[in-house]
Amino acid sequence: MFLKLPNRTLDLRQPQVMGVLNLTPDSFFDGGRYSNIDAALTQARAMLAEGAAIIDVGGESSRPGAVAVSLDEELARVLPVIERIKHELDCIVSIDTTKPAVMDAACSAGAELINDITALGADGALAVACRHSAAVCLMHMQGEPRMMQQQPQYGDVVAEVHAFLAARIAACAAAGLARERLLVDPGFGFGKALPHNLQMLAHLDRFLTLGVPLLVGLSRKSMFSQLLGLPLAERLPPSIAAAAIAVRSGANIVRAHDVAATVAAVRLAGAVRQAAEARAP
Ligand code: PT1
């Protein structure tokens, strides 16, 4: 399994970790600690040292209840940081945004992967991705962040998310964005109640039939507090366990805040998966 980037290829035969670099003062955990450029660079460097393969830069929060930020504000948060990272570190930068203008500026500054929680749903987003030959993570969301956790509704959540992602892959292919550049993500916590999230984790292998690598984001999400009655500060252990379950089920990239612990879990689960595949049936 490989992912084509504009000027190179990311090898996904071993599962990889995408480290989260939140540049949002209202971010749901990091709380603006990395709001200045030096601190962001330090955090990116630390995540790479811990084994992250990708740094995911985001300037607009998408956690439940989050409100939109303006284009100018988002650009001011992410662009200087992407420029500094590309200048000083050798790594793959991903831009977590829904705005075509932010995708465009970020890719011009060296971002190679567009991580869009609306799966390139905005007018012009597909054209921007094509023009830069960017890789794209297509994610499923029901509703939009401000209201998405009010009464999420599904018949069969796995089937509906699968059908949405298949349609977005087809739309990208029709626009000239090759499958080799695509990732899919079922969108844990994005318009999903706890039973929906558990269904998706239990049946994660069904998304492998889409034929493109699978990315998951489970890190520190509220589903763990709902299931286990834990406070926010104690979501790390279940996040690590969930990352291992996801990789054992076929996930290729895990998006996470706690890179060192996630890398360990992902390598263990990747080795177990490989052992299962090596054994004669
Ligand atoms: C994700 C993801 C993301 N998650 C991708 N990008 C967030 N591709 C941001 C909660 O329930 O899973 N995949 N970008 C963060 N979003 C959330 C959503 C954070 C829900 C917290 C929750 O607590």
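Residues numbered from 1 in each chain as written. Predicted model: local features only at pLDDT ≥ 70, side-chain atom pairs only at ≥ 80, totals over all residues. Heavy atoms only, no water.

1. Comments concerning the environment of Asp258
Thought 1: Position of Asp258 among the secondary structure elements: in the loop between β10 (253-256) and α9 (259-278).
Thought 2: Using a relative accessible area of 19% as the deciding quantity, one classes Asp258 as buried.
Thought 3: Put simply, Asp258 and Gly19 are 239 residues apart on the chain and 7.6 Å apart in space, counted from C-alpha to C-alpha.
Thought 4: There is a polar contact of 2.8 Å between the side chain of Asp258 and the side chain of Arg220. (Helix = DSSP H or I, 4+ residues; strand = E, 2+ residues; numbered from the N terminus. Buried < 20%, exposed > 50% of the residue type's maximum accessible area, 1.4 Å probe, protein only. Polar contact = N/O pair within 3.5 Å; in protein donor to acceptor, adjacent residues only side chain to side chain.)

2. Observations concerning the site of the ligand
Thought 1: Contacts to the ligand come from 16 residues, most closely from Asp96, Asn115, Asp185, Lys221 and Ser222.
Thought 2: Gly217 has a polar backbone atom sitting 3.3 Å from an oxygen atom of the ligand.
Thought 3: One of the side-chain N or O atoms of Ser222 is found 2.6 Å from an oxygen atom in the ligand.
Thought 4: Looking at the shell around the ligand, the elements with two or more residues in it are β7 (135-139) and β9 (215-217).
Thought 5: Partitioned by chemical class, the residues of the shell around the ligand number six nonpolar, five polar and five charged. (Near = heavy atom within 4 Å. Nonpolar A, V, L, I, M, F, W, Y, C, P; charged D, E, K, R; others polar.)

3. Comments concerning the sheet that holds strand β4 (residues 54-58)
Thought 1: Taking strand neighbours across the sheet as the criterion, the eight strands line up as β8-β7-β6-β5-β4-β3-β10-β9 in an open arrangement whose pairing is parallel. The open sheet is flanked by β8 (182-185) and β9, the only strands paired with a single partner. Geometrically, the sheet is characterised by an average inter-axis angle of 25° between neighbouring strands, direction not taken into account.
Thought 2: In terms of strand pairing, β9 meets β10 through three bridges, oriented parallel. Bridged to Gly217 within β10 is Arg255.
Thought 3: Sheet strands touched by helix α5 (residues 157-174): β7 and β8. Its angle to β7, the strand with the most contacts, is close to 150°. (Pairing = 2+ DSSP bridges. Axes fitted to C-alpha atoms, helices over the stretch in contact; angles between N-to-C directions. Contact = heavy atoms within 4.5 Å.)

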